[in-house]
Amino acid sequence: MKGVLLVNLGSPDSTSTKDVKKYLGEFLMDERVIDVPYFLRWILVKGIILNFRPKKSAKAYKKIWWDEGSPLIVLSERLQEKIQHKEDIPVALAMRYGNPSIKSGLQELKDKGVTDVLIVPLYPQFAMATTETILVLAEELRQKHFPEMRFTDIPAFYHKEEYIKVLANSIKDYLADKEWDKIMFSYHGVPERHIRKSDVTKSHCNPSDQNFICCKTKSEAHQFCYKHQCYETTRQVVEYLDLKPEQYFTTFQSRLGNDPWLQPYTDKTIEKFAENGVENLAVVTPAFVSDCLETLEEIAMEGGEEFVEAGGKNFYAIPCLNDNNDWVDVMVSWIDEWKNN
Ligand SMILES: C=CC1=C(C)c2cc3[nH]c(cc4nc(cc5[nH]c(cc1n2)c(C)c5CCC(=O)O)C(CCC(=O)O)=C4C)c(C)c3C=C
Ligand SMILES: [Fe+2]
Ligand SMILES: [Fe+2]
């Protein structure tokens, strides 16, 4: 029997510093997130980051937490429920870090008699810190606990026409009654090193190149190049919306530590735009399928404040696709395509 496992990033169980510390410990000890040798990672995470970050992050989580729980989890649950409503095979939800775990999601499917699982990482663009770590952990769990199961996965869908269409229409609908000068496409950042590590050609990607020569040059590296896939998402959306070059800009947010991350940085660009006379700025965050700490706090709250303090007037944080009905239909069509094959 066939079944589906949707997988998102995950959130702490609550906004207590203790739960946030536990969650960040699991997240940041992942070798595909902080990709340094184990001993160095242990010192960095357990010896340094976990001593100050949980308190700061817990404060941020408190600002966005809902009565029902973490927005990321609640919105992922709503998506799963709507998909399940339209599907006749079991659809389960799991998180890469925290709860519900991938192991519990697979167990839930197993209990319903599922042996053939479609794993759907809820990330439009591939990154080793997101898609890859989900697939690696799922395979480890399969070998250890679910050897009778067979897995297929939905690869990064940043270039799929139907995804671009729902994303572009969600932007258009949200901004329909608003006056805006520029749309910023803000993607979660990754260290430049991650881009080099994921380059299957070992020589194509140049993550610090601000002219995107490598991203525009056709290469098999693009199948796993986060930077290329982000710019390609922007390119296809602006083409669909028929935007002029001066009406949009791509940036990267949420950096951690002192290594070089993908640039230009969102926070610095928001400030620069306001200082240079942009009055009405809209921000869309296409690396996230569900609204979360990084969109609700870092962009909508912090970014909005920065913009106004630097002289901007109106700041619009465009919601993620969340449980948008057209998005649900696209997901159902991809599941059906696999199911009927
Ligand atoms: C080295 C650190 C990090 C990498 C690499 C990274 C990549 C990455 N993350 C997301 C999506 C999300 N990240 C979220 C929170 C978050 N991310 C990091 C660090 C890295 N992310 C931290 C420390 C945190 C925790 C919050 C904080 O302390 O600031 C979230 C939100 C989770 C929530 O509960 O709402 C998401 C979603 C992507 C897509 C990505 C690479 C492409
Ligand atoms: Fe992150
Ligand atoms: Fe590139």
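Only a predicted model underlies this, so the values are computations on that prediction, with no experimental measurement involved. (Residues numbered from 1 in each chain as written. Chains lettered and ligands numbered in written order. Predicted model: local features only at pLDDT ≥ 70, side-chain atom pairs only at ≥ 80, totals over all residues.)

## Overview of the site of ligand 1
The local shell around ligand 1 holds 23 residues, among which Ser11, Ser57, Ala127, Cys292 and Leu293 are the closest. Looking at the shell around ligand 1, the elements that each hand over two or more residues are helix H2 (38–64), helix H5 (128–145) and helix H11 (293–309). Split by residue class, the shell around ligand 1 holds 15 nonpolar, six polar and two charged. Shared between two domains, the shell around ligand 1 holds at least three residues of each, these being domain 1 (2–156 + 325–339) and domain 2 (161–317). (Near = placed C-beta within 6 Å. Helix = DSSP H or I, 4+ residues; strand = E, 2+ residues; numbered from the N terminus. Nonpolar A, V, L, I, M, F, W, Y, C, P; charged D, E, K, R; others polar. Domains from an automatic or database assignment.)

## Thoughts on the domain arrangement of the protein
Each assigned domain of the protein is listed here: domain 1 (2–156 + 325–339) and domain 2 (161–317). Distance from the C-alpha centre of domain 1 to the C-alpha centre of domain 2: 23 Å. Contacts between the two partners involve 22 residues from domain 1, matched on the other side by 24 residues from domain 2. Of all elements in the fold, only H2, helix H3 (71–86), H5 and helix H12 (325–339) reach the threshold of two or more residues within the side of domain 1 that touches domain 2. Counted by class, the side of domain 1 that touches domain 2 contains 15 nonpolar, four polar and three charged residues. (Contact = placed C-beta atoms within 7 Å.)

## Let's talk about the environment of Asp153
Topologically, Asp153 is positioned in strand S4 (residues 150–153). Placed 149 residues apart in sequence, Asp153 and Val4 show a C-alpha to C-alpha distance of 9.5 Å. Those residues within four positions of Asp153 in sequence are excluded, and the remaining contacts are Ile119, Pro121 and Leu135.

## Overview of the UniProt feature "binding site: Fe(2+)" (unreviewed entry) in the protein
On the UniProt side, "binding site: Fe(2+)" (unreviewed entry) is annotated at positions that read His188 and Glu294 here. The greatest C-alpha distance among the annotated residues, which extend across 107 residues, is 8.1 Å, indicating that they converge on a single site. Residue position: His188 is located in strand S5 (residues 182–188). By the C-beta count within 10 Å, which is 21 here, Glu294 ends up buried. Apart from the residues lying within four places of it in its own chain, the contact partners of Glu294 are His188, Gln253, Ser254 and Phe288. (UniProt positions renumbered as here; feature names shortened; annotations may be inferred. Buried ≥ 20, exposed ≤ 12 C-beta atoms within 10 Å, placed from the backbone.)

## Observations concerning the pairing of strand S1 (residues 2–8)
Summarising burial for S1: six of the seven residues are buried, a large majority. Sheet topology places S1 next to strand S3 (residues 116–121); six bridges connect them, and they run parallel. Looking at S3, one finds that Leu5 is bridged to Ile119. The sheet contact formed by S1 and strand S2 (residues 91–95) spans five bridges and is parallel. Paired with Leu6 across the two strands is Leu93, which belongs to S2. (Pairing = 2+ DSSP bridges.)

## Observations concerning the confidence of the model for the protein
Summing up the model confidence of the protein, the mean pLDDT is 97 and the portion of residues at 70 or higher is 100%. Confidence estimates for the predicted assembly give a pTM of 0.96 and an ipTM of 0.94. (pLDDT = per-residue confidence, 0-100.)

## Here we look at helix H1 (residues 17–28)
The end-to-end C-alpha distance of H1 is 16 Å, a good match for the 16 Å that 12 residues give at a rise of 1.5 Å each. Residues of H1 that are buried in the fold lie against H2. (Expected span 1.5 Å × (residues − 1).)

## Structural notes on the packing of helix H4 (residues 102–111) against H5
The interhelical angle for the contact between H4 and H5, taken along N-to-C directions, is 55°, at an axis separation of 10 Å. It follows from the interaxial angle that H4 and H5 lie oblique. Viewed along their axes, H4 and H5 form a crossing whose handedness is right-handed. Along its contact with H4, which presents Ile102, Lys103 and Leu106, the element H5 presents Leu137, Ala138, Leu141 and His145. The residue inventory of the contact of H4 with H5, partitioned by class, reads five nonpolar, one polar and one charged. (Axes fitted to C-alpha atoms, helices over the stretch in contact; angles between N-to-C directions. Parallel < 35°, antiparallel > 145°, perpendicular 65-115°, else oblique. Left-handed = near helix turned anticlockwise from the far one by under 90°.)

## A short note on the nonpolar core
One finds Leu5, Leu6, Val7, Val120, Leu281 and Val283 to be the most contacted residues of the largest nonpolar core, which totals 95 residues. For this core, the domains that each give at least three residues are domain 1 (2–156 + 325–339) and domain 2 (161–317). Dropping the residues within four chain positions of it, Val283 is found in contact with Met184, Ser186, Ile299, Gly303, Ala317 and Ile318. (Core = buried A, V, L, I, M, F, W, Y, C linked by C-beta atoms within 7 Å.)

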